[in-house]
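# Examination of the molecular architecture
What follows is each chain in one-letter form.
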Amino acid sequence: MESVEEIDPLVSGLTPWLLWAGGKRTLAPRLVDEIMAVKPTLYVEPFLGGGALALALPYELPKILADINHHLID
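Here the residue numbers are simple positions, counted from 1 along each chain's written sequence. Totals for whole chains, interfaces and linings use all residues, but because this is a predicted model, local features are given only for residues with pLDDT of at least 70 and pairs of side-chain atoms are given and counted only at 80 or more. For side-chain calculations, the full set of non-hydrogen atoms in the structure is used, while hydrogens and water are omitted.

## Quick notes on the overall build of the chain
- Working definition: helices are DSSP H or I runs of at least four residues, strands are E runs of at least two. Numbering for both runs from the N terminus. What the chain contains, in helices and strands, is four helices and two strands.
- Along the chain, from the amino end to the carboxyl end, the secondary structure elements read α-α-β-α-β-α.
- With a 1.4 Å probe rolled over the protein chains alone, any residue whose accessible area is under 20% of its type maximum counts as buried; one over 50% counts as exposed, and the rest are partly exposed. Across the 74 residues that make up the chain, the buried fraction comes to 24%.
- Contact definition: two residues touch when any of their heavy atoms are within 4.5 Å. Excluding contacts between residues fewer than 6 apart, the proportion of contacts in the chain whose partners are at least 24 apart in sequence is 41%.
- Of the roughly 5500 Å² of accessible surface on the chain, 62% is carried by carbon and sulfur atoms. Note that accessible areas follow from Shrake-Rupley with a 1.4 Å probe, and for residues the cover is restricted to the protein chains shown.

The structure is reproduced here in structure tokens:
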């Protein structure tokens, strides 16, 4: 598997765009290991928040990202 830097240099070093109550910023590395262990073909995030986990997942993993907070999504 290629590293993110080899795929697209623009996505390397991305961090969550805001601090979010209940955010997963510090848990993201551990959660990525757990998620990738089951070899997913699609990641669905119904409550995006700050996006810490979505940004930590491999670039090539397809993602569907959503949130009910229209201020965040708009």
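Having put the structure on the table, let's press on.
## Remarks on the environment of tyrosine 43
- Relative to the helices and strands, tyrosine 43 is located in strand E1 (residues 43-45).
- Using a relative accessible area of 10% as the deciding quantity, one classes tyrosine 43 as buried.
- Separated by 14 residues in sequence, tyrosine 43 and leucine 57 have C-alpha atoms that sit 8.9 Å apart.
- Not counting the four nearest positions on each side in its chain, tyrosine 43 is found in contact with Ile35, Leu53, Leu57, Leu61, Pro62, Lys63, Ile64 and Leu65.

The quantities given are spatial measurements derived from coordinates; they are silent on function.
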